[in-house]
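Here is what each chain is made of, one letter per residue.
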Amino acid sequence: MQPDLIIPTGKRKGQNPSVASIYWALAEHAKREAYPEAVAQAHADYAALRTGELPGPRTAMLEPAR
């Protein structure tokens, strides 16, 4: 673990993160890297909600049963 790793913002600003916090951040980063289209869609939905629009329903693409 890097001793100079610090939290840049928030309530614990300037303190060292816990192992659990580091694990959570790495897992979140991996999820964003694995599903970039889901992240982009979530950002678009959030922008639509902020402007008062409601996003339409999505249809899931299901794989055929084997």
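Residues numbered from 1 in each chain as written. Predicted model: local features only at pLDDT ≥ 70, side-chain atom pairs only at ≥ 80, totals over all residues. Heavy atoms only, no water.

K.L.:
Mind showing me how you'd approach the overall build of the chain here?
P.N.:
Across its full length, the chain carries two helices and zero strands. Considering the chain as a whole, with its 66 residues, one finds that 8% of them fall into the buried category. As displayed, the chain offers around 6,400 Å² of accessible surface, 61% of which is attributable to carbon and sulfur atoms. (Helix = DSSP H or I, 4+ residues; strand = E, 2+ residues; numbered from the N terminus. Buried < 20%, exposed > 50% of the residue type's maximum accessible area, 1.4 Å probe, protein only. Areas by Shrake-Rupley, 256 points an atom, 1.4 Å probe, with all protein chains shown as cover.)

K.L.:
Mind showing me how you'd approach helix H2 (residues 36-50) here?
P.N.:
Note that an α-helix has 3.6 residues per turn; residues three or four places apart therefore point the same way. The end-to-end C-alpha separation of H2 is 21 Å, in line with the 21 Å expected for 15 residues at 1.5 Å each. Gly52 lies just past H2 and shows a positive phi near 95°. (Expected span 1.5 Å × (residues − 1).)

K.L.:
Even after reading the chapter, I still don't get the pattern of salt bridges, so can you show me in this structure?
P.N.:
In this structure the tally under the stated criterion is two salt bridges. Glu28 serves as the salt-bridge partner of Lys31, at 3.6 Å between the closest nitrogen and oxygen. Note that Lys31 and Glu28 are positioned in helix H1 (residues 19-34) at a spacing of three residues, about one turn of the helix. For Lys31, a relative accessible area of 46% puts it in the partly exposed group. Assessed through its relative accessible area of 24%, Glu28 is described here as partly exposed. A salt bridge links Glu28 to Arg32, with the shortest nitrogen-to-oxygen separation between them at 3.5 Å. Highlighted residues: Glu28 and Arg32, both in helix H1, separated by four residues, approximately one helical turn. (Salt bridge = Lys/Arg side-chain N within 4 Å of Asp/Glu carboxyl O.)

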